[in-house]
Amino acid sequence: NAGSAAVAIAQAVSDAQHAARRLFDAARIELANAGSGDRVRLSADMAARLVDVARGLDSALARTIEVLTSRAGAEEDIKAIRVRAEAMRDDLGLLIAADNVRYVHFIEARGRSVSLRAAPIETSAIIRDVVLGGRQATVLTSATLTVETSFEYVLGRLGLSDAGTLRVPSEFDY
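The rules behind these values
- Residues numbered from 1 in each chain as written.
- Predicted model: local features only at pLDDT ≥ 70, side-chain atom pairs only at ≥ 80, totals over all residues.
- Heavy atoms only, no water.
- Helix = DSSP H or I, 4+ residues; strand = E, 2+ residues; numbered from the N terminus.
- Rg over C-alpha atoms; globule rule 2.2 N^0.38 Å.
- Buried < 20%, exposed > 50% of the residue type's maximum accessible area, 1.4 Å probe, protein only.
- Contact = heavy atoms within 4.5 Å.
- Areas by Shrake-Rupley, 256 points an atom, 1.4 Å probe, with all protein chains shown as cover.
- Lys, Arg positive; Asp, Glu negative; His and termini not counted.
- Charge placed at Lys NZ, Arg CZ, Asp CG, Glu CD.
- Pairing = 2+ DSSP bridges.
- Axes fitted to C-alpha atoms, helices over the stretch in contact; angles between N-to-C directions.
- 1 Å grid on protein atoms, 1.4 Å probe; cavity = no way out; pocket = protein on both sides within 12 Å on 5 of 7 lines; lining within 4 Å.
- Points joined across faces, edges and corners; volume = space filled by probe spheres on them.
- Nonpolar A, V, L, I, M, F, W, Y, C, P; charged D, E, K, R; others polar.
- Parallel < 35°, antiparallel > 145°, perpendicular 65-115°, else oblique.
- Left-handed = near helix turned anticlockwise from the far one by under 90°.

A few words now on the overall build of the protein. Of regular secondary structure, the protein possesses 5 helices and 3 strands. Listed N to C, the secondary structure of the protein is α-β-α-α-β-β-α-α in terms of helices and strands. For the protein, the C-alpha radius of gyration of 22 Å lies well beyond 16 Å, the compact-globule estimate for 174 residues. When the backbone C-alpha atoms are referred to their principal axes, the protein occupies close to 65 × 50 × 30 Å. Every one of the 174 residues in the protein was classed for burial, and the buried ones make up 26%. Long-range pairs, those at least 24 residues apart, make up 56% of the contacts in the protein between residues at least 6 apart in sequence. Total accessible area on the protein stands at roughly 11900 Å², and carbon and sulfur atoms take up 53% of it. Seen as two clouds, the 21 positive and the 23 negative side-chain charges of the protein have centres 5 Å apart.

Set out below in structure tokens:
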């Protein structure tokens, strides 16, 4: 019935919230133990210590997804929560994969919050596939897209070696 389904969803979400708190509390401890201020690169040792806690969050998210999926003909908001939980599981895997050389992984504190971050080292595939992918045309404008009047550098960094370009002179006298 709808009441027991709502209780199951609420419990699964609550379990995921508690597991997330445990993970970020553990990340805060790693940051404090590193003693290097408000940001530290996530080492393999740190990631190994966080991975068990992260598995708890992964399991809680998997359970949340299972409970939400079991709702046949679920409302759009339930489907949206399921999609978000699936994305969180994907993100979690990336955030604690300190051995993934395509990213720089770090723990960062800002005020009272602690974040796990993964910054891509090479962004061209992400920009090409996610930001610009599938579009017929995209216009990028900036005073700093060229280096010595050439677009070669920015096109290479963005993964757009075959893009058409147009450079117009500045209307400002500087």
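There's more to say after this.
Ordered by their spatial adjacency, 3 strands build an open sheet running E1-E2-E3, and the pairing between neighbours is antiparallel. Looking along the sheet, the strands with just one partner apiece sit at the ends: strand E1 (39-41) and strand E3 (113-120). Recorded for the sheet is a direction-independent mean angle of 20° between the axes of neighbouring strands. Here 3 bridges tie E1 to strand E2 (residues 103-110), and the two strands are oriented antiparallel to one another. Bridging from a neighbouring strand, valine 40 pairs with isoleucine 107 of E2.

The space that makes up the largest pocket amounts to roughly 820 Å³. Taken together, 27 residues make up the lining of the largest pocket; nearest its centre are Leu140, Thr141, Leu145, Phe151 and Leu166. Tallied by class, the residues present in the lining of the largest pocket amount to 16 nonpolar, 8 polar and 3 charged. Lining of the second largest pocket is provided by Ala20, Leu23, Phe24, Leu57, Leu61, Arg84, Met88, Asp91, Leu92, Leu95 and Leu116. Secondary structure elements with two or more residues in the lining of the second largest pocket: helix H1 (2-34), helix H2 (44-69) and helix H3 (76-95). It is H3 that contributes the most residues to the lining of the second largest pocket, 5 residues altogether. Tallied by class, the residues present in the lining of the second largest pocket amount to 9 nonpolar, no polar and 2 charged.

In this section: the environment of alanine 48. Position of alanine 48 relative to the elements: it lies in helix H2. Alanine 48 gets classed as partly exposed once you look at its relative accessible area, which sits at 47%.

Before going further, it helps to spend a moment on the packing of H1 against H2. Remark: H1 packs on H2, axes separated minimally by 8 Å, with the N-to-C direction vectors making an angle of 165°. On the basis of the axis angle, H1 is roughly antiparallel to H2. H2 is crossed by H1, and the crossing has left-handed handedness. Partitioning the contact of H1 with H2 into residue classes produces 20 nonpolar, 2 polar and 5 charged.

Everything listed here is a matter of geometry and, on its own, says nothing about what the molecule does.
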